[in-house]
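Working through the structure, step by step
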Amino acid sequence: MNTNGRYEDGNNNTNLIEGIASILSRWNGLQMAIKNQWGGCDSIHKSHQLAAHIFSSFSQSRAPLYVEDVENLLHESMLLSFNTDIEDGSIEEFRDFHTNMLIKGIFVIMVN
């Protein structure tokens, strides 16, 4: 990660991709949407697009990326891609997973 909070080398990108995949694979809201095909028959593909969008947000952002930015991205993606408004606290679950990953050093995000 450079001083602007962006990932630049391949090893860090790999760690970031793995961290994102790990978090999303444990996120109950997304897993329910995939299992129940709330996004249609291509729900798995949409979940991969979400992971790519998150990765892009981290790796290409010129400004610090805050937890709230990622939560908003998740909420918007679930609404637009999976036609569901997550109100069960599972987006907040993401914050807990993120904090765990931050402690483990898998990826860093600026926190208010």
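Above: the structure in question.
To start, this report covers the structure provided alongside it. (Residues numbered from 1 in each chain as written. Predicted model: local features only at pLDDT ≥ 70, side-chain atom pairs only at ≥ 80, totals over all residues. Heavy atoms only, no water.)

**Considering helix H3 (residues 43-60)**
Taking 1.5 Å of rise per residue, 18 residues should cover 26 Å, and H3 covers 25 Å from first to last C-alpha, within 8% of that figure. Burial in H3 covers these residues: Ser-43, Lys-46, Ser-47, Leu-50, Ile-54, Ser-57, Phe-58 and Ser-59. (Helix = DSSP H or I, 4+ residues; strand = E, 2+ residues; numbered from the N terminus. Expected span 1.5 Å × (residues − 1). Buried < 20%, exposed > 50% of the residue type's maximum accessible area, 1.4 Å probe, protein only.)

**Section: the nonpolar core**
Core analysis: the largest hydrophobic core is formed by 18 residues, its most contacted members being Leu-24, Trp-27, Leu-30, Leu-50, Ile-54 and Leu-74. Among the secondary structure elements, those contributing two or more residues to this core are helix H1 (10-26), helix H2 (28-35), H3 and helix H4 (67-82). Looking at this core element by element, the count peaks at five residues for H4. Not counting chain neighbours up to four residues away, the residues in contact with Leu-24 comprise Leu-30, Gln-31, Ser-47, Leu-50, Ala-51, Ile-54 and Leu-74. (Core = buried A, V, L, I, M, F, W, Y, C linked by side-chain atoms within 4.5 Å. Contact = heavy atoms within 4.5 Å.)

**Things to note about the pattern of salt bridges**
Close approach of charged atoms allows side chains with opposite charge to pair. Applying the stated criterion across every chain, the model contains one salt bridge. Between Asp-42 and Lys-46 there is a salt bridge; the shortest N-O distance is 3.9 Å. Looking at Asp-42, the relative accessible area reads 33%, which means it is partly exposed. A residue is classified by how much of its surface remains accessible, and Lys-46, at 18% relative accessible area, is buried. (Salt bridge = Lys/Arg side-chain N within 4 Å of Asp/Glu carboxyl O.)

**A short note on H2**
Within the sequence span of H2, burial applies to Gly-29, Leu-30, Ala-33 and Ile-34. For H2, the angular spread of buried residues about the axis comes to 135 degrees, placing them on one side. (Arc of directions from axis to C-beta.)

**With respect to unusual backbone geometry**
One non-glycine residue, Gln-37, lies in positive phi territory at about 50 degrees. By the element assignment, Gln-37 lies in the loop between H2 and H3. Residue Gln-37 is classed as partly exposed on the basis of its relative accessible area of 46%. Here the phi dihedral of Asn-83 falls at roughly 50 degrees; this positive angle occurs in a residue that is not glycine.

**What to know about the packing of H3 against H4**
Where H3 meets H4, the closest approach of the two axes is 11 Å, and the angle between their N-to-C directions is 155 degrees. Considered as vectors, H3 and H4 are oriented roughly antiparallel to each other. Both H3 and H4 take part in a crossing whose hand is right-handed. In contact with Ser-43, Lys-46, Ser-47, Leu-50, His-53, Ile-54, Ser-57 and Phe-58 of H3, H4 contributes Val-70, Leu-73, Leu-74, Ser-77, Ser-81 and Phe-82. Of the residues assigned to the contact of H3 with H4, the class counts are seven nonpolar, six polar and one charged. (Axes fitted to C-alpha atoms, helices over the stretch in contact; angles between N-to-C directions. Parallel < 35°, antiparallel > 145°, perpendicular 65-115°, else oblique. Left-handed = near helix turned anticlockwise from the far one by under 90°. Nonpolar A, V, L, I, M, F, W, Y, C, P; charged D, E, K, R; others polar.)

**Section: the environment of Lys-46**
Within the element layout of this structure, Lys-46 appears in helix H3. Considering only alpha carbons, one finds Lys-46 and Ile-34, 12 residues apart in sequence, at a separation of 8.7 Å. Setting aside its immediate chain neighbours within four residues, Lys-46 contacts Gly-39, Ser-81 and Phe-82. A distance of 2.8 Å separates the side chain of Lys-46 from the backbone oxygen of Gly-39, its partner in a polar contact. (Polar contact = N/O pair within 3.5 Å; in protein donor to acceptor, adjacent residues only side chain to side chain.)

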